[in-house]
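Coordinate analysis (summary)
The chain contents come next:
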Amino acid sequence: LLDGREVLAALGRLRPRHYLGVAAAGVVLGAHFTLFVWGLQTTSLPAAVSLISLEPLSVVLWAAALHGARPSRPEWIGVALATIGAALVGRGAGQGEHRPLGDLLVIGAVILYGLYIAAARSLREALPPRPYAALVYAACAIASGIALAFVTDGPGASRWPIETHSIVGIVLLALIPTLLGHTAVQTAARHAPPALVALVSPGETVGGIVIGAIWLGIMPSAWEAAGAAIIIAGVSVAILGLRVSSRSTRS
């Protein structure tokens, strides 16, 4: 459980540049959530959950750019395959709810996710995992709240009162995928190899498409299904290649 005294003690040990780093990570996380939700509302569910599985490759490329972690050959092969898969997903735009703008918004969320994970890795020596998560989520909430004041409501939309089922959904989203899921990911980002950090992304894609088909009756188009399969193949190549490389290095 979160210990308030632990958070305050960690705050007292931070240097000014660390405060800026935590605040920036919170802003990036808020922007990531915003772009993904916006994209999810603008394009089809299969397209959104297919493109979001590009997150591991975003993590790898940001790690290379900011930390000098040079991608291996399997990771580059994975990047190439996943790019082809993303292009196939995008080819399905214009069918049903699938729109190019939504695809671009989701890809923007993917890019910010890799930057967010790189930030978590940069601050691993400054803050323990739980205080870091608490401070980043607080910064994310503040930044999102400020941004919300400048967002106009869409046609027929109303901010208040919020319906009961919407409140329940928001609370569950905060507790399960954010508090548990994102905290586990950013904790792993401190020590695990970059390509393994977002290992859950292919599972998110498969799970999201299956849940959408069963619960909402939303079936992927042929292009979306083909693109999702190739993206998952590319991510799997990168992850498995890194694991083989790691075992060879240890032996």
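Residues numbered from 1 in each chain as written. Predicted model: local features only at pLDDT ≥ 70, side-chain atom pairs only at ≥ 80, totals over all residues. Heavy atoms only, no water.

Direction vectors running N to C along helix H2 (residues 16–42) and helix H6 (residues 100–122) enclose 160°, while the axes themselves pass 8 Å from each other. Between H2 and H6, the angle is such that the two are roughly antiparallel. Our pair here, H2 against H6, has a crossing hand that is left-handed. Seen from H2, the contacting residues are Ala25, Val28, Leu29, Ala31, His32, Leu35, Phe36, Trp38, Gly39, Leu40 and Thr42; seen from H6, they are Leu101, Gly102, Leu105, Val106, Gly108, Ala109, Leu112, Tyr113, Leu115, Tyr116 and Ala119. (Axes fitted to C-alpha atoms, helices over the stretch in contact; angles between N-to-C directions. Helix = DSSP H or I, 4+ residues; strand = E, 2+ residues; numbered from the N terminus. Parallel < 35°, antiparallel > 145°, perpendicular 65-115°, else oblique. Left-handed = near helix turned anticlockwise from the far one by under 90°. Contact = heavy atoms within 4.5 Å.)

Judged by nonpolar contacts, the single largest core of 23 residues is most densely connected at Tyr116, Leu127, Tyr132 and Val136. Going through the elements one at a time, helix H1 (4–13), H2, H6 and helix H7 (129–148) are the ones with two or more residues in this core. Of all the elements, H7 adds the most residues to this core, at six residues. Those residues in contact with Val136 that lie beyond four places of it in its chain are Val22, Ala25, Gly26, Leu29 and Tyr116. Leu54, Ala86, Val235 and Ile239 belong to the second-largest nonpolar core, a separate cluster that totals 16 residues. (Core = buried A, V, L, I, M, F, W, Y, C linked by side-chain atoms within 4.5 Å. Buried < 20%, exposed > 50% of the residue type's maximum accessible area, 1.4 Å probe, protein only.)

Tracing the backbone through its elements, the reader meets His18 in helix H2. Here His18 falls in the buried class, since its relative accessible area comes to 11%. Once residues within four sequence positions are removed from consideration, His18 is found in contact with Leu123 and Ala126.

We now examine the packing of H1 against H7. Between H1 and H7, the shortest axis-to-axis distance is 9 Å and the interhelical angle comes to 85°. For the element pair H1 / H7, the angle class is roughly perpendicular. Contacts from Glu6, Val7, Ala10 and Leu11 of H1 reach H7 at Arg130, Pro131, Ala134 and Leu135. Partitioned by chemical class, the residues of the contact of H1 with H7 number six nonpolar, no polar and two charged. (Nonpolar A, V, L, I, M, F, W, Y, C, P; charged D, E, K, R; others polar.)

Here we come to the confidence of the model for the protein. Of the residues in the protein, 86% reach a pLDDT of 70 or more, and the chain-wide mean stands at 79. The secondary-structure element of the protein with the lowest mean pLDDT is helix H9 (residues 194–197), recorded at 58, while H2 shows the highest, at 90. (pLDDT = per-residue confidence, 0-100.)

Let us look at the environment of Thr43. Examined against the element boundaries, Thr43 turns out to sit in the loop between H2 and helix H3 (45–51). A distance of 3.2 Å separates a polar atom in the side chain of Thr43 from the backbone nitrogen of Arg99. (Polar contact = N/O pair within 3.5 Å; in protein donor to acceptor, adjacent residues only side chain to side chain.)

To continue, consider a nonpolar patch on the surface. Taken together, the side chains of Trp160, Ile162, Ile167, Val168, Ile170, Val171, Leu172, Leu175, Ile176, Leu179 and Leu180 present a nonpolar region at the surface, about 1100 Å² in accessible area. Judged by its relative accessible area of 67%, Trp160 falls in the exposed class. (Patch = residues over 30% accessible without salt bridge, like charges linked within 9 Å, V, L, I, M, F, W, Y side chains within 5 Å. Areas by Shrake-Rupley, 256 points an atom, 1.4 Å probe, with all protein chains shown as cover. Salt bridge = Lys/Arg side-chain N within 4 Å of Asp/Glu carboxyl O.)

Another aspect to go through is the side chain of His98. Mapped onto the elements of the fold, His98 is located in the loop between helix H5 (73–91) and H6. Side-chain polar atoms of His98 contact the side chain of Asp103, separated by 2.7 Å. Of note is the side chain of His98, whose polar atom sits 2.8 Å from the side chain of Glu224.

Here Cys140 is to be found in helix H7. What makes Cys140 buried here is its relative accessible area of 8%. The sequence separation of Cys140 and Ala23 amounts to 117 residues, and the corresponding C-alpha distance is 7.8 Å. With residues up to four places along the chain from it excluded, the contact list for Cys140 reads Gly26, Leu29, Gly30 and Phe33.

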